[in-house]
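# Descriptive structure summary
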Amino acid sequence: MTAKKGVPIIQIGADPEVFVKDLRTREFVSAHPYVSGTKHDPLPWKGGAIQVDGVALEFNIPAAKNARAFSKSIRDNVDYLQGILTGWDEKLKLTVTPTAYFNEKYFDSLPEEVKALGCEPDYNAYTLDVNPKPHTDLPKRTGSGHVHIGWLDGKDEPLDVLDPDHMAVCSELVQQLDIALFVPSLLFDKDNDRRSLYGAPGAFRPKKYGAEYRVLSNRWLRNDTLTTWVFNATLKATRDFFNGVRYTEKVNLNELSNLFANLSSRKVDKLARAFIASNSSCCSLPPGFSGGNDGNRSNPQ
């Protein structure tokens, strides 16, 4: 299955993961006692669906065609989950952080299925290999901010999401999103702990409606400026892609490779800023960006 010529109707969704903190102890606690939805049977509500994902909470928003609807769905789901937690205990706070460290004794006491890491495999857009399954013995878990991009309707969906033509389209688009989304995100997401387990450049899953971009952490949920920027940058990159504009042909790939090789280096900020400055047609920062605390409405920190 090959991509159509021209720009299809593009819809963008997300399924972020967030954590629960007990304000009395300032410690993270597992979310599994508080929400009944699961990965295989999410709990629907009018704003999407919610579920427990290990020790975290995950929500799935409806696919959106504009940034306003996208950001509103994020806010509505955050508020809905916080309302559920408050109903259980007003000292439970929904918390957006890429990495949550748990009290070791508490973590060891949790059920094994709650502590289990990993789920379905994802793929490397640069090699098309399956990414290694994550593993850690530390009492920590990570929160992702995966972005879903849909461009296929029912009659165009592949019979097999691993169809080579569909995988080729997905992988090329994901490489484009690495330039448009991941590189700028390095300026507001300094968390390397999550990247040691999840979210390497190029991580994606093919979907029958398009692709799931699995590189970003949940850091962009922090406020409306970042959620709007994520939508707009994704939409622009995807539209450009289907118009035949390939960012990988416009940027210096050696410069990009050097940036990817220095993700845990102190110079990553400088490298990212230099890359963005020299490739402004492919990637940009949120309006008024000053390090990740912009926007009018902040979600839980």
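Just so it is clear, the structure is predicted and the values come from calculations on it, not from any experiment. (Residues numbered from 1 in each chain as written. Predicted model: local features only at pLDDT ≥ 70, side-chain atom pairs only at ≥ 80, totals over all residues. Heavy atoms only, no water.)

## A short note on the packing of helix 4 (residues 164–185) against helix 8 (residues 268–278)
Two elements in contact, helix 4 and helix 8, have axes separated by 9 Å at closest approach and are oriented at 145 degrees. In this structure, helix 4 crosses over helix 8, and the sense of that crossing is left-handed. Of helix 8, the residues touching helix 4 (which contributes Ile179, Val183 and Pro184) are Ala272, Phe275 and Ile276. Along the lines of polarity and charge, the residues of the contact of helix 4 with helix 8 split into six nonpolar, no polar and no charged. (Axes fitted to C-alpha atoms, helices over the stretch in contact; angles between N-to-C directions. Helix = DSSP H or I, 4+ residues; strand = E, 2+ residues; numbered from the N terminus. Left-handed = near helix turned anticlockwise from the far one by under 90°. Contact = heavy atoms within 4.5 Å. Nonpolar A, V, L, I, M, F, W, Y, C, P; charged D, E, K, R; others polar.)

## Overview of the sheet that holds strand 9 (residues 123–124)
Taken together, five strands build an open sheet; the order of strands is 1-11-13-12-9 and the sheet is antiparallel. Each edge of the sheet is formed by a strand with only one pairing partner; in this case those strands are strand 1 (11–14) and strand 9. Here strand 1 pairs with strand 11 (residues 147–150) via four bridges, running antiparallel. Bridge assignment links Ala14 to a residue of strand 11, and that residue is Val147. (Pairing = 2+ DSSP bridges.)

## Section: the packing of aromatic side chains
Applying the stated criterion across every chain yields a total of 13 aromatic pairs. Each ring, one from Phe28 and one from Phe102, has its centre 6.0 Å from the other, and the planes form 50 degrees; the classification is tilted. Highlighted residues: Phe28 in strand 3 (residues 27–29) and Phe102 in the loop between strand 8 (99–101) and helix 2 (104–108), separated in sequence by 74 residues. Phe102 carries the same exposure label as Phe28, and that label is buried. Here Phe182 and Phe260 contribute two aromatic rings whose centre-to-centre distance is 5.9 Å and whose plane-to-plane angle is 55 degrees, an arrangement assigned as tilted. With Phe182 in helix 4 and Phe260 in helix 7 (residues 253–261), this pair connects stretches of sequence that are 78 residues apart. Here Phe182 matches Phe260 in class, with each residue buried. Of the aromatic side chains, those joined through ring pairs into one cluster are Phe19, Phe28, Phe102 and Phe107. In this arrangement the basic side chain of Lys21 is found over the ring face of Phe28, its NZ or CZ atom lying 4.8 Å from the centre. (Phe/Tyr/Trp six-rings, centres within 6.5 Å; stacked < 30°, edge-to-face > 60°. Buried < 20%, exposed > 50% of the residue type's maximum accessible area, 1.4 Å probe, protein only. Lys NZ or Arg CZ within 6 Å of the ring centre and 35° of its normal.)

## Looking at the side chain of Gln82
Relative to the assigned elements, Gln82 resides in helix 1 (residues 67–88). Of the polar contacts made by the side chain of Gln82, one reaches the backbone nitrogen of Leu94; its length is 2.8 Å. Filtering out sequence-adjacent residues up to four positions away, Gln82 remains in contact with Leu92, Lys93 and Leu94. (Polar contact = N/O pair within 3.5 Å; in protein donor to acceptor, adjacent residues only side chain to side chain.)

## Remarks on the confidence of the model for the protein chain
Predicted coordinates in regions of low pLDDT should not be interpreted in detail. In this model, the protein chain carries a mean pLDDT of 92, and residues with pLDDT of at least 70 account for 93%. The low-confidence segment residues 291–296, where pLDDT is below 50, has 14 contacts with residues more than four positions distant or belonging to other chains. (pLDDT = per-residue confidence, 0-100.)

## Focus on the nonpolar core
Core analysis: the largest hydrophobic core is formed by 73 residues, its most contacted members being Leu57, Phe70, Trp151, Tyr213 and Trp220. When residues of this core are assigned to their parent elements, the largest contribution, eleven residues, is made by helix 4. Setting aside chain neighbours within four positions, we find Leu57 in contact with Pro16, Glu17, Val18, Val20, Ala31, Val35, Gln51, Val52, Leu81, Leu85 and Leu94. (Core = buried A, V, L, I, M, F, W, Y, C linked by side-chain atoms within 4.5 Å.)

## A few points about the pairing of strand 6 (residues 56–60)
Within strand 6, four of the five residues are buried, which leaves the element mostly enclosed by the surrounding structure. Between the antiparallel neighbours strand 5 (residues 48–53) and strand 6 lie two residues, among them Gly54 with a positive phi of about 65 degrees.

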